[in-house]
Amino acid sequence: MISKTYLPVGLCIYCGTTEPPLSDEHIIPYALGGKLILPTASCDECAKVTSQVEQQNLRGIYWPSRTHMKLPTRRPRERPKTFEVSVEKDGVEVVKDLPIADHPGLHMAFDFDPPHALYGLPPLGMVRTGRLSLRPIAEDNERRLARLGGRVTMRAGRVGYDAPTFARMLAKTGHAYATAELGVGAFHPLLLDAILRNDLSQLAWLVGGKPSVVPGEGRHRITVDIRRVEVGRYSWKSYVVVDLSLFTDLEMPTYTIVAGEVRP
Ligand SMILES: [Zn+2]
């Protein structure tokens, strides 16, 4: 992943306020190893909302990966030394507290269909659904499972996870990256209601998956381009589209985020 610090923005890229204090924005969460920084780009109020969405994912779906891989954390003392699993054998369920080295953890992420906007569809208010994508974390995962000798259910993760919350985190990353690359005001942003007001009705329209990995190098990869989409007979829209591969090295899913529209 390239590391880059952009020029300071000097206003909140979410609500537009220029009122200080404005904090630096990590385009991909710091806790996932993100190294793209947009300085002075978020007011306190918006930062509260976006970091809450990030925390839900970091402490939910990404919690096992972050712990096993020792990804960066600002709260090292909260990093667990053990994970619970429940093991069912002969109809009896036992909860075991395993050291990380013995835990048969799984990398998790959602896998999505492409966003509906790229098919030329209008917003349909559909719920963003997804499939859970799972990969064993340790190479000796089978052995770790076999040692437990029963049907194993994971209990890792401090909070639950769901597809819309995951898509909201992607929306934030897409909006921040498109703004960093193209500039404030260069496009009409489409994701602000989803990011700031938890409006889930547009997530399936604007945030989805992509079948192929983003070309390039490194664990996380991100690109932005303008895509012309036919929305009707002789009618086109130019969308600002961000492609994002998280954890390419683990063969995790790739995403497409429609961050906005360019108007002629
Ligand atoms: Zn703001």
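Our subject is the structure listed above.
Only a predicted model underlies this, so the values are computations on that prediction, with no experimental measurement involved.

Honestly, the overall build of the protein chain in this entry has me stumped. Any pointers?
Each helix and strand counted, the protein chain has six helices and 13 strands in total. In terms of its C-alpha atoms, the protein chain occupies a principal-axis envelope of roughly 65 × 45 × 35 Å. Relative to its 264 residues, the protein chain shows a buried fraction of 47%. At a minimum sequence separation of 6, the contacts of the protein chain that also span at least 24 residues come to 68%. Total accessible area computed for the protein chain in this model is approximately 13100 Å², and 51% of it derives from carbon and sulfur atoms. Here the protein chain holds 33 positive side-chain charges and 29 negative ones, and the gap between their average locations is 2 Å.

How do you make sense of unusual backbone geometry when you look at a structure like this?
Backbone torsion omega between P20 and P21 reads 0°, so that peptide bond is classified as cis. Tracing the backbone through its elements, the reader meets P21 in the loop between β1 (4-5) and β2 (22-26). One non-glycine residue with positive phi stands out, namely D90, at about 50°. Mapping D90 onto the fold places it in the loop between β4 (82-89) and β5 (92-99). On the accessibility criterion, D90 (77% relative accessible area) is exposed. Positive phi outside glycine occurs at E251, with the angle close to 60°. Of the residues examined, E251 reaches a relative accessible area of 59% and is grouped as exposed.

In this structure, what is going on with the coordination of the zinc ion? I would like to understand it.
In an ideal tetrahedron of four donors about a metal, each angle is 109.5 degrees. In an ideal octahedron of six donors, the angles are 90 or 180 degrees. Coordination of the zinc ion by the protein comes from C12 (SG), C15 (SG), C43 (SG) and C46 (SG), over a distance range of 2.3 Å. For the zinc ion, the four donor atoms in the first shell make angles of 103 to 117° at the metal, so the coordination geometry reads as tetrahedral. When the donors of the zinc ion are listed by position in the chain, the intervening gaps give C-x2-C-x27-C-x2-C. With a gap of 31 residues between them, C15 in the loop between β1 and β2 and C46 in helix α1 (residues 44-58) connect regions that are remote in the sequence.

What am I meant to see in helix α3 (residues 141-148) here?
Spacing of three or four residues puts side chains on the same side of an α-helix, whose turn is 3.6 residues. Within the span of α3, buried status applies to N141, R144 and L148. Viewed along the axis of α3, the buried residues span an arc of 65°, placing them on a single side of the element. Exposed residues on α3 whose side chains face more than 90 degrees from its buried face are E142, R143, A146 and R147. Each element contacted by the buried residues of α3 is listed here: α2 (63-69), β4, β5, β6 (106-111), β7 (131-136) and β8 (151-154). In the stretch just after α3, G149 is the one whose phi turns positive, near 60°.

For this particular structure, what's the right way to read the pattern of salt bridges?
Working definition: two side chains of opposite charge can pair if their charged atoms are close together. One pass over the structure, following the stated rule, counts 14 salt bridges. A salt bridge links R147 to D102; the nearest nitrogen and oxygen atoms lie 3.7 Å apart. With R147 in helix α3 and D102 in the loop between β5 and β6, the pair connects residues that are 45 residues apart, well separated along the chain. With a shortest N-O distance of 2.9 Å, D243 and R227 are connected by a salt bridge. Of this pair, D243 sits in strand β12 (residues 235-245) while R227 sits in strand β11 (residues 221-232), and the two are 16 residues apart along the sequence. By relative accessible area, which is 7% here, D243 ends up buried. Linked by salt bridges that have partners in common, E25, E54 and K172 make up one network.

Which parts of the structure should I look at to understand the sheet that holds β4?
The pairing of strands in a sheet happens through backbone hydrogen bonds and is either parallel or antiparallel. Across the sheet, three strands lie side by side as β5-β4-β8; this open sheet has antiparallel pairing. Pairing within the sheet leaves two strands with one partner each, and these edge strands are β5 and β8. On average, adjacent strands in this sheet sit at an angle of 30° to one another, irrespective of strand direction. The sheet contact formed by β4 and β8 spans four bridges and is antiparallel. Residue S86 lies in a different strand from β8, and its bridge partner there is T153. Strands in contact with α3 are β4, β5 and β8; relative to β4, the strand with the most contacts, it is inclined by about 55°.

Scoring rules and cut-offs
Residues numbered from 1 in each chain as written. Predicted model: local features only at pLDDT ≥ 70, side-chain atom pairs only at ≥ 80, totals over all residues. Heavy atoms only, no water. Helix = DSSP H or I, 4+ residues; strand = E, 2+ residues; numbered from the N terminus. Buried < 20%, exposed > 50% of the residue type's maximum accessible area, 1.4 Å probe, protein only. Contact = heavy atoms within 4.5 Å. Areas by Shrake-Rupley, 256 points an atom, 1.4 Å probe, with all protein chains shown as cover. Lys, Arg positive; Asp, Glu negative; His and termini not counted. Charge placed at Lys NZ, Arg CZ, Asp CG, Glu CD. Donors = N, O, S within 2.8 Å, 3.2 Å for Na, K, Ca; no water. Tetrahedral: all angles 85-135°; square planar, octahedral: opposite > 155°, others 65-115°. Arc of directions from axis to C-beta. Salt bridge = Lys/Arg side-chain N within 4 Å of Asp/Glu carboxyl O. Pairing = 2+ DSSP bridges. Axes fitted to C-alpha atoms, helices over the stretch in contact; angles between N-to-C directions.

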